[in-house]
Amino acid sequence: MSAVGVGTADEKLRDLLLAHIHDVPDYPEPGVMFKDITPLLADAKAFAALTDALAGLCEKYGATKVVGLEARGFILGAPAAVRAGLGFVPVRKAGKLPGATLAQAYSLEYGTAEIEMHADAVGAGDRVLVIDDVLATGGTAEASLRLIRRAGAEVAGVVVLMELGFLPGRARLAEALDGAPLEALITV
């Protein structure tokens with residue numbers, strides 16, 4: 001147990017991040033409480049602390065590359081990859097990347113979607129850490145894990161800034177993770 005007034009590094013980071021994530025009621029539709037991370041990104045100290053934490057997780061899990069999921073995963077994953085000295089691979093919505101790509105379809109509540117990455121972006125010998133802003137239902141993250149493995153790389157894990165614990169994302173990812181870690185800096 002920590003002394004009064006002295007939190008652990010994880011608690012201090014969580015408090016700093018939460019102080020810069022704003023609730024926006026009824027967005028994008030009535031009844032939804034949107035968690036807006038743009039104030040966090042606009043604060044250099046908070047964004048640097050987040051980047052440092054993500055880079056540390058790249059090292060902890062032995063990643064050799066970082067995959068960021070469109071679009072906020074790009075914002076979080078790219079600086080973490082640079083800080084950790086790793087390459088960055090964007091995973092995009094279908095039709096957004098030039099050249100040869102691998103695609104993976106996945107189910108949505110009402111329909112399907114598809115994501116892609118360059119076919120030669122990762123391969124044998126790579127340990128890939130997936131970084132995104134939010135884990136909600138887990139569909140995009142699950143599809144990215146399938147893409148990474150289809151390309152011949154190993155999944156080092158999935159790291160998110162925030163997990164919406166009241167949604168089934170963690171359960172949906174369990175099988176696709178196949179023992180790889182899933183880490184959320186914040187769970188709401």
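Keep in mind the model is a prediction, meaning the values are calculated, not measured. (Residues numbered from 1 in each chain as written. Predicted model: local features only at pLDDT ≥ 70, side-chain atom pairs only at ≥ 80, totals over all residues. Heavy atoms only, no water.)

Draft legend 1. Quick peek at the packing of aromatic side chains. On inspection of all chains with the given rule, the structure shows 2 aromatic pairs. Look at Y27 and F34: their rings are 5.2 Å apart centre to centre, the planes differ by 80 degrees, and that puts the pair in the edge-to-face class. In this structure Y27 comes out as partly exposed when scored by relative accessible area, which is 46%. Considering the side-chain rings of F74 and F88, the 6.3 Å spacing of their centres and the 85 degrees angle between planes classify their relative orientation as edge-to-face. In this pair, F74 is assigned in helix α4 (residues 72–84) and F88 in strand β4 (residues 87–93), connecting sequence segments 14 residues apart. By relative accessible area, which is 27% here, F88 ends up partly exposed. (Phe/Tyr/Trp six-rings, centres within 6.5 Å; stacked < 30°, edge-to-face > 60°. Buried < 20%, exposed > 50% of the residue type's maximum accessible area, 1.4 Å probe, protein only. Helix = DSSP H or I, 4+ residues; strand = E, 2+ residues; numbered from the N terminus.)

Draft legend 2. Here's a closer look at the sheet that holds strand β9 (residues 182–187). The strand order across the open sheet formed by 7 strands is β5-β6-β4-β3-β7-β8-β9, and the pairing between neighbours is mixed. Only two strands of the sheet have a single partner each, and these edge strands are β5 (101–108) and β9. Within this sheet the neighbouring strands show an average axis-to-axis angle of 20 degrees, counted without direction. For strand β8 (residues 154–163) and β9, the ladder comprises 5 bridges, and the chain directions are parallel. (Pairing = 2+ DSSP bridges. Axes fitted to C-alpha atoms, helices over the stretch in contact; angles between N-to-C directions.)

Draft legend 3. Main features of the side chain of T51. Note that T51 resides in helix α3 (residues 44–60). On the basis of relative accessibility, which here comes to 3%, the residue T51 falls in the buried class. Filtering out sequence-adjacent residues up to four positions away, T51 remains in contact with P79, A80 and R83. (Contact = heavy atoms within 4.5 Å.)

Draft legend 4. The arrangement of the environment of A84 in detail. Inspection of the secondary structure assignment puts A84 in helix α4. On a C-alpha basis, the gap between A84 and L54 in space is 8.6 Å, while along the polypeptide they are 30 residues apart. Apart from residues no more than four positions distant in its own chain, A84 is found in contact with A55, C58 and E59.

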